[in-house]
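# Structure at a glance
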Amino acid sequence: MRRFTAWTVSLLILPVAFSGVAQTPAPQVFGYKSFSQQAKWDHDFMAVPSAKLAGEELKILTAAPHWASSPEDHATALYVAEKFRAAGLQTTIQPFRVWLNKPVTIEIEAFDANGKKLMSGPTPEHVDAKAYGGDPFQNDPRILPAFNGSSPSGNVTADVVYANFGTLEDFKKLDSLGVSVKGKIVLVRYGGNFRGVKVYIAQQRGAAGVLIYSDPGDDGYVKGDMYPRGPYRPETGVQRGSVQFLPLYPGDPETPGVASTPELPDSARITDPAKMNQPSIPSNPISYHDAAPILQALDGPESPREWQGGLPFTYHLGGTGAVKVHMHLVQDYKLRAIWDVVGTIEGSDPDQKEDWVVAGNHRDAWVYGAVDPNSGTAAMLETVHGLGELLKQGWKPKRRIVICSWDAEEEGLMGSTEWTEMHADHLKHAVAYFNTDVGVAGPDFDASAVPSLKEFVRDVTRQVPSPKGGTVYEQWQASQQSSPRRKGRAMTADTPAGGVVMVGNLGSGSDYTPFIQHLGVPSTDIGSEGPYGVYHSVFDNYNWFIKFADPMFVYEQQQARVFGLEILHMADADVLPYDYRLYGKDVMGYVADAQRQATDAKLSVDFSAATAAANRFEAAGEKVYALQSASAAGANEAKLNAALRDAETALLNDAGLPRRAWYKHTIYAPGEYTGYAAVVIPGVTEGIEAKDGARTQGQLDALAAALNRSATILEGAAK
C-alpha cells in the first residue's frame, strides 16, 4: 500500500534515453512546499550518469590490486580526487596513520596421525587458463597471499576441531557433545556471522588458532557453475577479510574514539593488546581445496547433520588427534598511511548550510575489488558527474554536500571511522549519511536504513527507472516477492504491510557504522545484489564483473541515479523528510518482542517504563509528522529541522553498550556474537540472551531514558 504522503514523483523517464522526455506536473512531495524546481533538477541530474563512463571508471579502478596503504591504493585516491575536482567539488586528500598488518609468510600444513602430509598451502588461487576464457588477472605478482587483517603472527601445531559456522550456538553445541576446542585449531566455514566473531568466540574458549574456509555448499558448485564458467567460487578461491573484533569497536586499533591523523603523537596511542580490538590467536582463510583433505581425515563423532557442507564425504568433529595442522604466520605490523578523498559542495542556506549531507563509498580492496567496492565507486563517480553538471547550470544546494571515498574499510572501517572521529563536532549537525559499498553484484536492488529514512529510500527508488523496465522500486518489490530468501528476510516484526518492500536494518560491516552507531547520524545503505560467489577473492575482478554482474553497466547507471537523488533530496528539502511515525512503530515492535523473549527466558524484569517511553515516542512521531506535512511548517523550517535531527542523536547513550562502549545507539548495533547482522535494542536484547536480569533492567532503563529524550524533542517541535 502506497501512502498518500509518499514521494510519488513520476518523470516518465526511459531507462536509456533521457533527452526530450516530457515531465509530468510536479506533485506535492513530502519535505517540499513546492517540488516544481526540484523535479527539474532531478530530471536534469538523471540524464547525466553514463553507463559507458561507469564501465571505463571501473576498469581503471580495478586495473591493479590495491590493498589499503599500497602505492596502487594511493593511485586510486589520486584518480578519484581528479574526478571530484573535474566535477567542480572542493577536494582534499586526508591521510591517516593506522595500525595494519601485511603478510610476510603464510604457511599451513596438515598431517595425519602417522605424520603423513595431507596438505601444504595455501594453494594459489588459479583457474584453468584455457577453460571458459580463463582469468586474465590471476597471475599478477602484486597479489598478496590470502590472509586475515588483524591476525597476529603465530607458529602453532595442534589437533583440529570442526565447528561448522563458528557461531555461539555452534560452540555451545560442541560443549554439549563433549568436544573441547581448548588448545585446538578450530576449522570453521564462512557464513552465519562475521569472521572476526568466529575468532572472538574461539579465543574465549581457549583455541590455539582458527582456519576459515569457503564451503562449496555456501558459495561454490552446489549453488551453480563455478568461475570462469559461472559466477560461483572456484575450488581454490579464498575469501580474505579482517578478523578485527568489530563488535568491540571499528577503526584504527590503537586510537578508539580519537582520529589517527599524522600529527597524533605515538604517546596518545593504545599499545596494550589486551585493550585493543584484535585477536591474540592466529587465523587465516583457506580455500575448500585446502580444507577438504583436513575435513576428510577428521574422525570422532559425525557432525550434526545440519553442519554437513557441500563436499562429497561425511563431516566429522575431530579433536581426537587424527589430524594436526601447523600454522606458521608472519605478519608485518606497522603504522601505515591511508588516504580518504573528500569532495565538498557548499550549502547556500545561511541557517542550514552547515547541516551536512554526507555520502560515501570505500575504495580499497583485498585484491582487485570489482564488485566490492569499486562497483560502488564507479557509481559514485557518475553521481558526482551528475552533480557537477547541475553546478554548471547554477544549482546550489541548501545544505553542504560532502562526498567521501574511504580507505582501509576492509581492514576495519578505518578511513570512515577516523574521519568521523576527526569531524565529530560537525557531524552532530549532519542530517544524513548515505552509503554504498557492493554497489553492483547483480540486478536485485536492496537497501537498509534507520526507520526514519526507510520510506525516503522507497520513494527515491519510485522515481528511478530500472533497466528491466518500470521503476527500481517495482523491480525491488517483484524480486522480494519472488525470492523465498529475500521474502523470508522481510518477514520480521517491523515488516510493513500491504506488499510494501522491506528495507533492512543497519548492522555493521560497512562505513555507515561510525555515523549511525557512534554519532547518531541518520543513515542508509544501498546496493544491487546477484549470484556473487567470488567475494574477497582474486576473482572479484573486471573479467568476472563483465561476465556475471553488469556487462552493459546499466545497473551502475541505476545506482548512480538512486545515490544521487538521495543526496539531492536531503540537501534541498525544505523540511527534512524523516518519518518518525515509522520509527515509533518499529520501536514499539522491538520492545514487545523483547518482553516476550524475557518472559520465555523467565527473567524478572520490568518493561513498564520502556513500554511507556516507546508509546510516547510513537505518539510524538505522529504529531511531528503532521507538522512536517503542513504547508505552514515553512515559517519555522530551520528550528523544526534542528529538532528532527536532534531527535536521532537523543537515542544515543553516552555510556555505550556493556563491554563495548564505543557503540552508543540504543536502537541498533552489530551483535556482539553476530558482527554484521543488526541487533535491535541491543543492550536489552543481549542482556536477555545472556539471561542477566540486572544487566537487562539497566539497559531497559537506558532505553526508556533515550526514548523519552527523543520524544521530548519531537513534542517540543510539534507545539
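The structure contained in this document is the topic of the report that follows.

Thresholds, definitions, all that
- Residues numbered from 1 in each chain as written.
- Predicted model: local features only at pLDDT ≥ 70, side-chain atom pairs only at ≥ 80, totals over all residues.
- Heavy atoms only, no water.
- Helix = DSSP H or I, 4+ residues; strand = E, 2+ residues; numbered from the N terminus.
- Rg over C-alpha atoms; globule rule 2.2 N^0.38 Å.
- Contact = heavy atoms within 4.5 Å.
- Areas by Shrake-Rupley, 256 points an atom, 1.4 Å probe, with all protein chains shown as cover.
- Lys, Arg positive; Asp, Glu negative; His and termini not counted.
- Charge placed at Lys NZ, Arg CZ, Asp CG, Glu CD.
- 1 Å grid on protein atoms, 1.4 Å probe; cavity = no way out; pocket = protein on both sides within 12 Å on 5 of 7 lines; lining within 4 Å.
- Points joined across faces, edges and corners; volume = space filled by probe spheres on them.
- Nonpolar A, V, L, I, M, F, W, Y, C, P; charged D, E, K, R; others polar.
- Phe/Tyr/Trp six-rings, centres within 6.5 Å; stacked < 30°, edge-to-face > 60°.
- Buried < 20%, exposed > 50% of the residue type's maximum accessible area, 1.4 Å probe, protein only.
- Core = buried A, V, L, I, M, F, W, Y, C linked by side-chain atoms within 4.5 Å.
- Axes fitted to C-alpha atoms, helices over the stretch in contact; angles between N-to-C directions.
- Parallel < 35°, antiparallel > 145°, perpendicular 65-115°, else oblique.
- Left-handed = near helix turned anticlockwise from the far one by under 90°.
- Salt bridge = Lys/Arg side-chain N within 4 Å of Asp/Glu carboxyl O.
- Pairing = 2+ DSSP bridges.

Along the backbone of the protein chain there are 21 helices and 16 strands. Computed over its C-alpha atoms, the radius of gyration of the protein chain comes to 25 Å, within 12% of the 27 Å expected for a compact globule of 719 residues. Overall, the C-alpha framework of the protein chain stretches about 85 × 65 × 55 Å when taken along its three principal axes. A fraction of 80% describes how many contacts in the protein chain between residues 6 or more apart in sequence connect residues 24 or more apart. For the protein chain, the accessible surface area stands at approximately 24,800 Å², while carbon and sulfur atoms represent 55% of it. Once the 65 positive and 83 negative side-chain charges of the protein chain are each reduced to a mean point, those two points are 2 Å apart.

Before going further, it helps to examine empty space enclosed by the protein. Evaluation of the coordinates by the stated rule reveals five cavities of 30 Å³ or more. By volume, the largest cavity is sized at about 60 Å³. Around the largest cavity, the lining residues are Asn 653, Gly 656, Leu 657, Tyr 663, Lys 664, His 665, Thr 666, Gly 683, Val 684, Gln 699, Ala 702 and Leu 703. Counting residues per element, the ones that place at least two in the lining of the largest cavity are helix H20 (682–689) and helix H21 (693–718). Residue contributions to the lining of the largest cavity peak at three residues, all from H21. Looking at the lining of the largest cavity, its residues break down into five nonpolar, six polar and one charged.

The subject of this paragraph is the packing of aromatic side chains. Using the criterion set out here, one finds 35 aromatic pairs in the structure. The interplanar angle of 80° and the centroid separation of 6.1 Å between the aromatic rings of Tyr 162 and Trp 307 together place this pair among those described as edge-to-face. Taken as a pair, Tyr 162 in strand E4 (residues 154–162) and Trp 307 in the loop between helix H7 (288–297) and strand E9 (323–345) lie far apart in primary sequence, 145 residues in all. The pair formed by Tyr 162 and Trp 307 is uniform in burial state, with each residue classed as buried. With a centroid separation of 5.9 Å and 85° between ring planes, the pair formed by Tyr 590 and Tyr 668 is classed as edge-to-face. Of this pair, Tyr 590 sits in helix H17 (residues 580–600) while Tyr 668 is found in strand E15 (residues 668–670), placing the two residues 78 residues apart along the sequence.

All right, on to the nonpolar core then. If you look at the biggest cluster of nonpolar residues, it comprises 111 residues, and the most contacted ones within it are Ile 403, Trp 419, Met 570 and Ile 667. Dropping the residues within four chain positions of it, Trp 419 is found in contact with Phe 96, Asp 340, Val 342, Trp 356, Val 358, Val 402, Cys 404, Trp 406, Leu 427 and Phe 515. Core analysis: the next-biggest nonpolar cluster, separate from the first, contains 88 residues, Leu 168, Val 188, Ala 207 and Trp 307 among them.

For the rest of this paragraph, the subject is the packing of helix H1 (residues 36–46) against helix H16 (residues 554–572). As a packed pair, H1 and H16 sit with axes 10 Å apart at the nearest point and diverge in direction by 155°. If you check the angle between H1 and H16, you find them roughly antiparallel. For the crossing formed where H1 meets H16, the hand is right-handed. Of the residues in H16, those touching H1 at Gln 38, Asp 42, Phe 45 and Met 46 are Ala 560, Arg 561, Gly 564, Leu 565, Leu 568, His 569 and Asp 572. Looking at the contact of H1 with H16 residue by residue, the class counts come to five nonpolar, three polar and three charged.

Looking now at H1. Of all the eleven residues making up H1, eight are buried; the element is thus mostly covered by neighbouring parts of the structure. Within H1, the full set of buried residues consists of Gln 38, Ala 39, Trp 41, Asp 42, His 43, Asp 44, Phe 45 and Met 46. At its buried positions, H1 is contacted by helix H8 (374–392) and H16.

Moving on, we come to the packing of H17 against helix H18 (residues 608–629). The geometry of H17 relative to H18 is characterised by a closest axis approach of 7 Å and an angle of 165° between their N-to-C directions. Relative to H18, the element H17 lies roughly antiparallel. In this structure, H17 meets H18 at a crossing whose hand is left-handed. Across from Tyr 580, Arg 581, Tyr 583, Gly 584, Lys 585, Val 587, Met 588, Val 591 and Gln 595 in H17, the residues of H18 making contact are Ala 610, Thr 611, Ala 614, Asn 615, Phe 617, Glu 618, Gly 621, Glu 622 and Tyr 625. Its residues placed into classes, the contact of H17 with H18 shows nine nonpolar, five polar and four charged.

Moving on, we come to the environment of Leu 387. Assignment of secondary structure puts Leu 387 in helix H8. Residue classification places Leu 387 among the buried residues on the basis of a relative accessible area of 0%. Through-space distance from the C-alpha of Leu 387 to that of Gly 217 is 44 Å; in sequence the pair is 170 residues apart. For Leu 387, the residues in contact, after removing those within four places along its chain, are Phe 45, Ile 345, Trp 395, Ile 403, Ile 567 and Leu 568.

A few words now on the environment of Leu 652. Topologically, Leu 652 is positioned in the loop between helix H19 (637–649) and E15. Judged by relative accessible area, which is 11%, Leu 652 ranks as buried. C-alpha separation for the pair Leu 652 and Gly 520, spaced 132 residues apart in sequence, amounts to 6.5 Å. When near neighbours in sequence (up to four residues on either side) are disregarded, Leu 652 contacts Ile 516, His 518, Leu 519, Gly 520, Lys 664, His 665, Thr 666 and Arg 709.

On to the side chain of Glu 648, then. Looking at the secondary structure, you find Glu 648 in helix H19. No salt bridge is formed by the buried Glu 648, whose closest oppositely charged neighbour, Arg 645, lies at an N-O distance of 6.6 Å. Apart from the residues lying within four places of it in its own chain, the contact partners of Glu 648 are Val 450, Ser 452, Ile 516, Gly 520, Pro 522, Tyr 580, Tyr 583 and His 665.

With that settled, consider the pairing of E9. As paired strands, strand E1 (residues 90–112) and E9 are joined by 22 bridges and run antiparallel to one another. Opposite Thr 105, over in E9, you have Val 330 as the bridge partner. Relative to E9, E4 runs antiparallel, the two sharing six bridges. Its bridge partner lying in E9, Gly 154 is registered against Leu 329.

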